[in-house]
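# Structure at a glance
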Amino acid sequence: MSTPAPASPDDASPLGAPVRADLFGSLRPWQKAAYQEYFRLPRRDFLLVATPGAGKTAFALTIAADLLARREVAAVTVVTPTEHLKHQWAQAGQRMGIPLDPAYKNAQGRASADFTGVAVTYAQVAAHPALHRQRTENRRTLVIFDEIHHAG
């Protein structure tokens, strides 16, 4: 399988790696600007704030797909406030080619190899924080916090 070329010469990431045109080309202008900002500097944290329906999920999954394609991360964990949102993220991830397991339970320990990552709730993480810390630190993992204000 070949890697698609950048959408245009201006669409290369600031770190020099090509942007996947199939993902980047469908982003809104603000999402493209945020994408460029995400890759502008090496970092561990990035906060994106936008109104409901603006496209935060699409943005986050585009970043995830790109990081997975570059092999900068090996897994994705999405943390949500509700069970319903776990399934929404899994459906959106599937559309982007990122299979997320919304049925992951703390008792299973390791995530299934059939998935690129998991979608969990804040309550799941709070119930067994050491498990989730170990799970995300043992593999290069992108962690996406949906509705971060629920993390407090």
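Further up the page is the structure itself.
Quick caveat: nothing in here was measured; it's all calculated off a predicted structure.

### Observations concerning the environment of Arg 139
With respect to the secondary-structure elements, Arg 139 resides in the loop between helix H6 (129-138) and strand E4 (141-145). Accessibility expressed as a relative area gives 44% for Arg 139, which makes it partly exposed. Residues Arg 139 and Ala 75, 64 residues apart in the sequence, show an inter-C-alpha distance of 6.9 Å. When neighbours within four sequence positions are excluded, Arg 139 is seen to be in contact with Ala 74 and Ala 75.

### Looking at unusual backbone geometry
Positive phi, close to 65 degrees, is recorded for Arg 71, a residue that is not glycine. Take Arg 71: it is sitting in the loop between helix H3 (56-69) and strand E1 (75-80). In this structure Arg 71 comes out as exposed when scored by relative accessible area, which is 67%. Positioned with a positive phi, Glu 147 is a non-glycine residue whose angle comes to about 55 degrees. Counting through the fold element by element, Glu 147 comes out in the segment after E4. Relative accessible area serves as the criterion here: at 33%, Glu 147 is assigned to the partly exposed category.

Cut-offs used in this document
Residues numbered from 1 in each chain as written. Predicted model: local features only at pLDDT ≥ 70, side-chain atom pairs only at ≥ 80, totals over all residues. Heavy atoms only, no water. Helix = DSSP H or I, 4+ residues; strand = E, 2+ residues; numbered from the N terminus. Buried < 20%, exposed > 50% of the residue type's maximum accessible area, 1.4 Å probe, protein only. Contact = heavy atoms within 4.5 Å.

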